[in-house]
Amino acid sequence: MNDLVSRRALLSFAAALAPAAVLGLPRFAQAQEAGATPTPAPAAPQQFSFDGLSEEMKQLATKPHTTAPAPEGFLGDLSYDDYRLIRFRDDHARWADTDSHFRLAAFHMGWLFPEPVRIFEVAGGMATEMQFSTDDFEYLNDLAKRVPEHAKLPGVAGFRLNNPLNRPDKWDELAAFVGASYFRALGRGSAYGLSARGLALNTATDKGEEFPRFSRFYMERNDSETIVVYATLEGPSVTGAYRFAITPGAETVMDVTCRLFFRQDVAELGIAPLTSMFLFSEKNRAKFDDYRPNVHDSDGLRIERSDGDVIWRPLNNPPQLTGSYFAETAPHRFGLHQRDRAFDSYQDTGAHYERRPSLDVEPLGDWGTGHVRLVEIPSDLEANDNIVAYWVPEAPVKAGDAREFAYRLHWGDLPVDPTLELAIVHETRAGHGGVSGVEAQTGTRKFVVDFKGGWLAALEAEATVEPVVTIANGELTGTTLEKVANTDIWRLVIDISAADAAVVELGAHIAGYGRKLTETWLYQWINAK
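Bear in mind that the values here come from a model prediction, so they are computed numbers and not experimental data.

Draft legend 1. Region of interest: the overall build of the protein chain. Looking only at helices and strands, the protein chain has five helices and 34 strands in total. Scaling as 2.2 N^0.38, a compact globule of 529 residues should have a C-alpha radius of gyration of about 24 Å, and the protein chain matches this with 24 Å. Taking the principal axes of its C-alpha atoms as reference, the protein chain extends roughly 75 × 50 × 45 Å. Taken over 529 residues, the protein chain has a buried fraction of 57%. Restricting to contacts in the protein chain with at least 6 residues of sequence separation, those with at least 24 account for 69%. Counting only carbon and sulfur atoms, one obtains 50% of the accessible surface of the protein chain, whose full area is about 21800 Å².

Draft legend 2. Summary view of the pairing of strand 3 (residues 103–107). Of all five residues that make up strand 3, four are buried, and the element is covered over most of its length. Bridge analysis of strand 3 against strand 7 (residues 158–163) gives five bridges, and the strand direction is antiparallel. Within strand 7, the position partnered with phenylalanine 107 by the bridge is glycine 158.

Draft legend 3. Broad picture of the side chain of histidine 296. Secondary-structure assignment places histidine 296 in strand 18 (residues 295–296). Leave out the neighbours within four places in its chain, and histidine 296 touches Met277, Phe278, Leu279, Phe280, Ser281, Gln338, Tyr346 and Tyr353.

Draft legend 4. Layout of the packing of aromatic side chains. Applying the stated criterion across every chain yields a total of 29 aromatic pairs. For the pair phenylalanine 88 and phenylalanine 137, a centre-to-centre distance of 5.3 Å together with 85 degrees between the ring planes defines the contact as edge-to-face. Here phenylalanine 88 is found in strand 2 (residues 86–88), whereas its partner phenylalanine 137 is found in strand 6 (residues 137–139), with 49 residues between them in sequence. For the residue pair phenylalanine 88 and phenylalanine 137, the accessibility class agrees, reading buried in each case.

Draft legend 5. Spotlight on helix 2 (residues 50–60). Taken as a whole, helix 2 has its buried residues at Phe50, Leu53, Ser54, Met57 and Leu60. For helix 2, the arc enclosing every buried residue in end-on projection is 120 degrees, short of the 170-degree limit, so these residues lie on one face. The inward-facing, buried residues of helix 2 abut strand 12 (213–220), strand 13 (227–234), strand 14 (238–247) and strand 15 (252–262).

Draft legend 6. A look at the pattern of salt bridges. Scanning the entire structure with this criterion turns up 31 salt bridges. When the shortest N-O distance is used, the salt bridge between arginine 146 and aspartate 82 registers 3.1 Å. Within this pair, whereas arginine 146 is found in helix 5 (residues 143–146), its partner aspartate 82 is found in helix 4 (residues 80–83), the two being separated by 64 residues in sequence. With a relative accessible area of 11%, aspartate 82 lands in the buried category. In this structure, glutamate 209 engages arginine 197 in a salt bridge whose closest nitrogen and oxygen atoms are separated by 3.0 Å. Residue glutamate 209 is found in the loop between strand 11 (200–201) and strand 12, and its partner arginine 197 is found in strand 10 (residues 195–197); the two are separated by 12 residues along the sequence.

Draft legend 7. Representation of the pairing of strand 24 (residues 369–376) in the model. Most of strand 24 sits inside the fold, with six of its eight residues counted as buried. Taken together, the eight bridges between strand 21 (residues 322–329) and strand 24 define a ladder with antiparallel strand orientation. Looking across to strand 24, one finds that threonine 322 is bridged to glutamate 376. Pairing of strand 24 with strand 25 (residues 387–393) involves seven bridges; the strand directions are antiparallel. For histidine 371, the partnering residue across the bridge sits in strand 25 and is valine 392.

Draft legend 8. View of the nonpolar core. Formed by 84 residues in total, the largest nonpolar core has its most connected members in Tyr242, Phe244, Met254 and Ile271. What isoleucine 271 contacts, discounting residues up to four positions off in sequence, is Leu199, Leu260, Phe334, Trp367, Tyr390, Trp391, Pro393, Phe405 and Tyr407.

Draft legend 9. Looking closely at the sheet that holds strand 28 (residues 444–452). Strands sit in the order 27-28-31-30 across an open sheet of four strands; the sheet is antiparallel. Each end of this open sheet is capped by a strand with a single partner; those strands are strand 27 (424–432) and strand 30 (475–483). When the angles between neighbouring strand axes are averaged without regard to direction, this sheet yields 15 degrees. Relative to strand 28, strand 27 runs antiparallel, the two being bridged by eight bridges. Considered in strand 28, the bridge of glycine 431 is made with lysine 446.

Draft legend 10. Spatial organisation of the confidence of the model for the protein chain. Of all residues in the protein chain, 92% have pLDDT values of 70 or greater, and the mean over the chain is 91. Predicted confidence for residues 4–39 stays below pLDDT 50, and this span has 122 contacts to residues more than four positions away or in other chains.

Rules behind the numbers
Residues numbered from 1 in each chain as written. Predicted model: local features only at pLDDT ≥ 70, side-chain atom pairs only at ≥ 80, totals over all residues. Heavy atoms only, no water. Helix = DSSP H or I, 4+ residues; strand = E, 2+ residues; numbered from the N terminus. Rg over C-alpha atoms; globule rule 2.2 N^0.38 Å. Buried < 20%, exposed > 50% of the residue type's maximum accessible area, 1.4 Å probe, protein only. Contact = heavy atoms within 4.5 Å. Areas by Shrake-Rupley, 256 points an atom, 1.4 Å probe, with all protein chains shown as cover. Pairing = 2+ DSSP bridges. Phe/Tyr/Trp six-rings, centres within 6.5 Å; stacked < 30°, edge-to-face > 60°. Arc of directions from axis to C-beta. Salt bridge = Lys/Arg side-chain N within 4 Å of Asp/Glu carboxyl O. Core = buried A, V, L, I, M, F, W, Y, C linked by side-chain atoms within 4.5 Å. Axes fitted to C-alpha atoms, helices over the stretch in contact; angles between N-to-C directions. pLDDT = per-residue confidence, 0-100.

Laid out in structure tokens, this is it:
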């Protein structure tokens, strides 16, 4: 558990202490496993296609995984203090002298990033490697004396793309790929928050998590508003070829195709993994002495099922590592959302959690049966990415298998559609169970769930509606439902009791007039002392 948190905290720690020096380095897990093919010298332009790249990675999966040699010279000597003194020269951004809607800047090798990542540009079906040198970076203070001038670099750590996302006269950061297979993007008006990964392998299992990495990128641009990024994935258990078609906007969209080739059996395969942070909200704020009402990048997991039903699972910062599996067949969408968009809910003028993007995964094609898995890791710091969600296919993965998945990622506010018939879970609060004003009994808990909008909002307080509540591994001791006066909110109060250390699963929705009127609220409570 500690290893899971520390992997996801390393880059967050770096970004928090030196954001200017690393050009807004995203808070990704460092997770750089030793292992990649040795980097050859730059080659002449070569023919390129996604099918050709896929075949190359398929053949590579039949060979043993090899590790790259440690970088030598100043690259191998860079420390954290050194790395924070390096910045990419903005006037060296690739494509700045063209009419392209995109510009590319690189992250420097070294420190947490010892393995070179190579970047190519694709034009006319030919791929030409981009060359980076020490001339592309600024080295501050005494570090400048240790860095050779005009020295070619074997690669970089990753890259970021800039685009006039918010206004035509400013090149805003749009997306960044750096650290293992981590990447993230912004919608219009967003500030960096949660991230995505190319693949999750054996997350929170006794096999030990593996972090394959993107080792090469291929950039294909034209005069349109879409840029296509291809990538190779390498790891001890898997190789892969990826295609990302990135279209910026109020909702930035990435169409992703991944083709995976397995060297080894995999205990659990995670497709389209999302990684986020949840520290506290109204339901667990008592554990934190903090002036802010909420601290989180995401506040809930949303699953839109194939039958149109919607699940909302508020995120939690549990007392112990937990994993929840939601059985699904061909879900329409799933994702981690930041539903609360009010500054007053966070009161953080620096982090601006109200601007953190939501991220939905929309499967393309039939993904069949499987599970959406949610992993929640205990955390005491907002620097830790302690939330993970991904799709687990039902069929097990064996050595020699090949799999292909296509999906669409939606980055942005993803606001609730006001025309939806189902009311949404607006807020979840929790506290000691029982009657207010008397001493609380141990082993009890009260949950207050507010539903807002939809057809339910138009009903009068006397309407014939009722709560439908389920509980497993605990006892339901009371429920009340009422419409909050002068609002469109219906409040459901649930009181439960459970034995010590019990893991209680709760579910609730409101029904009436022969139909379900709300999303399905799900929650897991651990009765820890």
